[in-house]
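Residue-level structure breakdown
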Amino acid sequence: MKKLLMTVAAGAALAISASAVSAQTLNQVKQRGVLQCGSNTGLAGFGQPDAQGNWTGLDVDFCRAVAAAIFNDPAKVKFVPLSAKDRFTALQSGEVDLLVRNTTWTMSRDTSLGLEFAVVNYYDGQGFMVRKKLNVKSAMDLSGASVCSQQGTTTELNLADFFRANKLKYEPVIFATSDETIKAYDAGRCDVFTTDASGLYAERLKLTNPDDHMILPEIISKEPLGPSVRQGDPQWNDLIKWTHFAMVNAEELGVSRANVDEQLKSANPEIKRLLGTEGKFGEMLGLTDDWAYRIIKHVGNYGEVFERNVGQGSRLKIARGVNALWNKGGLQYAPPIR
């Protein structure tokens, strides 16, 4: 009996300790009154400030969704622009609470950097862009080409792997920032520009004559992009991943910014749990039970965010493809709220 009591006491102590640790980031954010979100320095469709400092993008809207869930105010976000080289250090050091910067989830990053990827908010893959006048139709025709890519990204390794696997020769032309890389390509310092396919669509908009360039059909890698957090804070990790899951579930259930107030009257049990009119699911995240309602009301469901930032309502006009819902042929699938 004594041993059992000691075991129970130890378990309770561990639970209290875990609870204290798990609430650390959320408590800091609440006390500060603003979410500090690591963002891109300027990638159209994902994270980009305009001349007045107004940020837009898929990743930007994710940060706003987290702020909406916590504060009922999507504006309570400080966007911290980070280069590819500095992004992980900024998260590790606590400069940002959350990194949402078109960052690929890989094994080495997941296991050796003291961070965790919460979820995949955009399924991507690396591709190539060339000038139309080269008359190149396939990546298999790129032997001997000079290729511009960015330092400190998964792009470099994927590039080397592709050319080695296909026994093709190439000349790497590497730059420290994405802006330097696309400017070098535009100036003719290389034949090919490579990055994630989503980035190709975004960066093409910066070229002197965008219509003179084409994106080749091959996708040479898996690039699951998503938000990451520091290790050791499970409650914060849960909050981040369930922000995405709420947006995906909302799209699947037909709940949008336009109809979310009307949907509060829904008799559908799944919608009731999503919007907080039934159950105490917000409490599990350290939030109010209308946390998902706040996200949808202020930011929208996943489909709305996708379409206005990178889809048909944007300049990029990227098809949903693998980012469609699971029941429409895509990979976006969210666990149920129950």
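Coordinates for the structure precede this section.
Throughout what follows, the structure given in this document is the object of discussion. Along every chain, residues carry numbers that run from 1 in the direction the sequence is written. Totals for whole chains, interfaces and linings use all residues, but because this is a predicted model, local features are given only for residues with pLDDT of at least 70 and pairs of side-chain atoms are given and counted only at 80 or more. Hydrogens and water are ignored here; the side-chain numbers use all heavy atoms of the structure.

1. Description of the nonpolar core
Put simply, the rule reads: Nonpolar cores are built from buried Ala, Val, Leu, Ile, Met, Phe, Trp, Tyr and Cys residues. Side-chain atoms within 4.5 Å join them into one set. Relative accessibility thresholds used throughout: buried, under 20% of the residue-type maximum; exposed, over 50%; partly exposed, between the two (1.4 Å probe, protein chains only). Numbering of helices and strands runs from the N terminus, with a helix taken as a DSSP run of H or I at least four residues long and a strand as a DSSP run of E at least two residues long.
W236 and W291 are the most contacted members of the largest nonpolar core, which totals 59 residues. Elements that contribute at least two residues to this core include exactly α2 (24-32), β1 (35-39), α3 (58-71), β4 (77-81), α9 (234-253), α11 (269-275), α12 (291-298) and α13 (302-309). Top contributing element to this core by residue count: α3, with 10 residues. Ranked by size, the runner-up nonpolar core spans 13 residues in total, among them L142, L168, V192 and L216.

2. Overview of the sheet that holds strand β11 (residues 192-196)
Put simply, the test is: Here the rule is simple: two strands pair whenever DSSP picks up at least two bridges between them. Interaxial angle, 0 to 180 degrees, is taken between N-to-C directions of lines fitted to C-alpha atoms, where a helix line uses only the stretch in contact. Whether two residues touch is decided by their heavy atoms; if any such pair falls within 4.5 Å, the residues are in contact.
Spatial ordering of the open sheet is given by β10-β9-β11-β8-β12, a layout of 5 strands whose pairing is mixed. Two strands lie at the open edges of the sheet, namely β10 (170-175) and β12 (213-215), each paired on one side alone. This sheet shows a mean twist of 30° between the axes of neighbouring strands, independent of strand direction. Strand direction decides the pairing type here: strand β9 (residues 145-150) and β10, joined by 6 bridges, are parallel. Residue pairing across strands places V147 opposite P172, the latter belonging to β10. Sheet strands in contact with helix α6 (residues 154-165) are β8 (126-131), β9, β10 and β11, and its direction is about 80° off that of β8. Contacts between helix α8 (residues 197-204) and the sheet are confined to β8, β11 and β12, with β11 contributing the most and set at about 125° to the helix.

3. Focus: the packing of α2 against α9
This is how the line gets drawn: For classification purposes, an angle smaller than 35 degrees is called roughly parallel, one larger than 145 roughly antiparallel, one from 65 to 115 roughly perpendicular, and anything else oblique.
One can describe the packing of α2 onto α9 by two numbers: an axis separation of 6 Å at closest approach and a directional angle of 70°. By the angle class used here, α2 and α9 are roughly perpendicular. Of the residues in α9, those in contact with T25, L26 and V29 of α2 are Q235, W236 and L239.

4. Some words on α2
We apply this condition: Directions from the helix axis toward the C-beta atoms define the arc.
Those residues of α2 that sit buried are T25, L26 and V29. Here the buried residues of α2 occupy an arc of 100° about the axis, which is enough to place them on one side. Residues of α2 that are buried in the fold lie against β1, α3, β14 (228-230) and α9. Backbone geometry just downstream of α2 places G33 in the positive-phi region, at approximately 85°.

5. Some details on the packing of aromatic side chains
The line we're drawing: Two rings from Phe, Tyr or Trp (for Trp, the six-membered ring) form a pair when their centres are within 6.5 Å of each other. A pair whose planes differ by under 30 degrees is stacked, one over 60 is edge-to-face, and the rest are tilted.
Evaluation of the coordinates by the stated rule reveals 12 aromatic pairs. On the numbers, 6.2 Å between centres and 45° between planes, the contact of Y302 with F306 is tilted. Within this pair, Y302 and its partner F306 are both found in helix α13, separated by 4 residues, close to a single helical turn. With respect to burial, Y302 and F306 carry one shared label: buried. Consider the rings of W326 and Y333, whose centres lie 5.3 Å apart with planes at 65°: the pair is edge-to-face.

6. Thoughts on the side chain of D61
What counts, and what does not: Pairing of N or O atoms within 3.5 Å defines a polar contact, subject to two protein rules: one partner must be a possible hydrogen donor and the other a possible acceptor, and residues neighboring in sequence count only if both atoms are side-chain atoms.
Tracing the sequence through the fold places D61 in helix α3. Within the structure, D61 has its side chain in polar contact with the side chain of N309 (distance 2.9 Å). Sequence-distant contacts of D61, that is, excluding residues within four places in its chain, are made with V299, V305, R308 and N309.

7. Looking at the pattern of salt bridges
For clarity, the cut-off: Definition used for salt bridges: Asp or Glu carboxyl oxygen within 4 Å of a side-chain nitrogen of Lys or Arg.
This model, assessed by the stated rule, comprises 13 salt bridges. Between D161 and R164 there is a salt bridge whose closest N-O contact spans 3.9 Å. Separated by 3 residues within a single helix, D161 and R164 lie in helix α6, roughly one turn from each other. Residues K241 and D238 are paired through a salt bridge, measuring 3.7 Å at the closest nitrogen-oxygen approach. With K241 and D238 both in helix α9 and 3 residues apart, the pair spans about one turn of that helix. Linked by salt bridges that have partners in common, D61, R64 and R308 make up one network.

8. Examining the pairing of β1
In terms of residue burial, β1 counts as a mostly covered element, since 5 of its 5 residues are buried. Of the two faces of β1, the one lined by L35, C37 and S39 and the one lined by Q36 and G38 are each fully buried. As paired strands, β1 and strand β5 (residues 98-99) are joined by 2 bridges and run parallel to one another. Bridging across to β5, G38 finds its partner in L99.

9. Here we look at unusual backbone geometry
Most of the time, phi is negative for any residue but glycine, and the peptide bond is trans. Of note in this structure, N102 is not a glycine but carries a positive phi near 30°. Note on placement: N102 falls in the loop between β5 and α5 (107-112). Within the chain, N135 stands out as a residue other than glycine whose phi angle is a positive 60°. Classification of N135 as exposed rests on a relative accessible area of 59%.

10. Topic: the state of the cysteines
Operational definition: Defined by distance alone, a disulfide is two cysteine sulfur atoms within 2.5 Å.
Going through the model one piece at a time under the given rule, you end up with 2 disulfides. C37 shares a disulfide with C63; S-S distance 1.9 Å. Here the S-S torsion is close to -45°, and the disulfide linking C37 with C63 is therefore left-handed. Pair noted here: C37 is in strand β1 and C63 is in helix α3, with a separation of 26 residues, a long-range link. Using a relative accessible area of 0% as the deciding quantity, one classes C37 as buried. With a relative accessible area of 0%, C63 lands in the buried category. Disulfide pairing places C148 opposite C190 at an S-S distance of 2.0 Å.

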